[in-house]
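Close look at the chain arrangement
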Amino acid sequence: MNIENKTVLITGANRGIGRALMDEALRRGAKHVYAGSRGEQQHDDERVTFVKLDITDEWDVQKAAASVGNLDILINNAGIFMPDDLGDTDIINRHLAVNFFGPLRMTQALLPALTRSKGAIINNLSLSALVPVASTPAYSISKAAAHNLMQAFRALLSGRGVAVHSCFTGPVDTDMTRGFEVPKSPPALVAAGILDGFERGEEDIFPDPYSERVADGWRTGVIKALEQEFAAYVPPAPEVAQDCCHH
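Predicted model, so just to flag it, every value in this text is computed and none were measured.

Burial of strand β6 (residues 163-167) is extensive: four of the five residues sit out of reach of the surface. Across five bridges, the pairing between strand β5 (residues 120-124) and β6 is parallel. Paired with Ile 122 across the bridge in β6 is His 165. On the question of chirality, the crossover connecting β5 to the parallel β6 by way of helix α4 (residues 137-157) is right-handed. Bridge count between β6 and strand β7 (residues 204-205): two bridges; the pairing is parallel. The residue bridging Cys 167 from the neighbouring strand is Ile 205, located in β7.

Below, the structure written as structure tokens:
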């Protein structure tokens, strides 16, 4: 699938990777971009519609889904990132509320539209979804949970023609990671890498030089093989309604 002429919704589109993804989607000829943000935003491109969207708020999510109508691509990008030492369960819960339950809520709300369009879901995860970073374990846990969630959606939705892509980004130079002293990629490079991987049809996208090092090992590794094996256990679609008609 290409971005050109597609309608896209991006959560957390006001800054960082989300803003870069919006600019990159527009550059690639997206027909319309719904830019989800908790605060009011402006953009000079007429293809952009800002949507007030707190992904932890069920009402916001339902309103956003109702206002969008048709949709080809959902990009679950909004997230929070805080250092911790697992000593405060509130910090763990906050990460899960945004980084796990947020994408779950968004995906469920927009699934009817994505099913109609035989669309796609792109999830901006992190390499720490695969292995925790010791200085940000709550963040890592939430991204690991989101990764597992999206593997499940990938299996469950394949029969409906909805593709699920997950991006395992390395450190990115955004407001979120300020003070985290490691080599970081610029958001524009990461956004381009995410959409390149998506347009190539990669289920698992490693969009920057830091993450790209592990791409081949991941794709040919035992965990990916196991994911594909377990995907066979999708429950059959209920046929109750059809059965009723025969009695």
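On we go.
This next bit is on the packing of aromatic side chains. Any pair of aromatic rings gets described here by the distance separating the centres and the angle formed by the planes. Considering all chains together, one arrives at five aromatic pairs under this definition. Centroid distance Phe 81 to Tyr 139: 4.8 Å. Interplanar angle 75°. Geometry classified as edge-to-face. Taken together, the residues span a long stretch of sequence, with Phe 81 in the loop between β4 (73-76) and α3 (89-117) and Tyr 139 in helix α4 at a distance of 58 residues. Put simply, the rings of Phe 168, Phe 206 and Trp 218 touch in pairs and so form one group of aromatic residues. The ring centre of Tyr 210 lies 4.3 Å from the NZ or CZ of Arg 213, which sits over that ring.

With that out of the way, let us pick up the pairing of β4. Residues of β4 alternate between two faces, with Ile 73 and Ile 75 on one and Leu 74 and Asn 76 on the opposite face, all of them buried. Relative to β4, strand β1 (residues 7-10) runs parallel, the two sharing three bridges. Across the sheet, Val 8 pairs through a bridge with Ile 73, a residue of β4. One ladder, built from four bridges, connects β4 with β5; its direction is parallel. The residue of β5 that forms the bridge with Ile 75 is Ile 122. What joins β4 to β5 is α3, and the crossover it makes is right-handed.

In terms of nonpolar packing, the biggest core is built from 28 residues, with Leu 9, Leu 53, Leu 71, Leu 74, Met 106 and Leu 110 touching the most fellow members. At the level of elements, α2 (58-68), α3 and α4 are the ones that each hand at least two residues to this core. The dominant element in this core, judged by the number of residues it contributes, is α3, at nine residues. Not counting the four nearest positions on each side in its chain, Leu 53 is found in contact with Leu 9, Thr 11, Gly 36, Ser 37, Arg 38, Asp 60, Val 61, Ala 64 and Met 106.

Attention shifts here to the side chain of Ser 140. By the element assignment, Ser 140 lies in helix α4. Note on Ser 140: relative accessible area 2%, which makes it buried. For Ser 140, the contacting residues outside a window of four places in its chain are Ser 128, Ala 129, Pro 132 and Val 133.

Another point: the environment of Met 150. Relative to the assigned elements, Met 150 resides in helix α4. The residues contacting Met 150, other than those within four sequence positions of it, are Asn 76, Pro 103, Thr 107, Asn 123, Val 164 and Ser 166.

Conventions we followed
- Residues numbered from 1 in each chain as written.
- Predicted model: local features only at pLDDT ≥ 70, side-chain atom pairs only at ≥ 80, totals over all residues.
- Heavy atoms only, no water.
- Buried < 20%, exposed > 50% of the residue type's maximum accessible area, 1.4 Å probe, protein only.
- Helix = DSSP H or I, 4+ residues; strand = E, 2+ residues; numbered from the N terminus.
- Pairing = 2+ DSSP bridges.
- Right-handed = clockwise from strand over helix to strand, strands pointing away.
- Phe/Tyr/Trp six-rings, centres within 6.5 Å; stacked < 30°, edge-to-face > 60°.
- Lys NZ or Arg CZ within 6 Å of the ring centre and 35° of its normal.
- Core = buried A, V, L, I, M, F, W, Y, C linked by side-chain atoms within 4.5 Å.
- Contact = heavy atoms within 4.5 Å.

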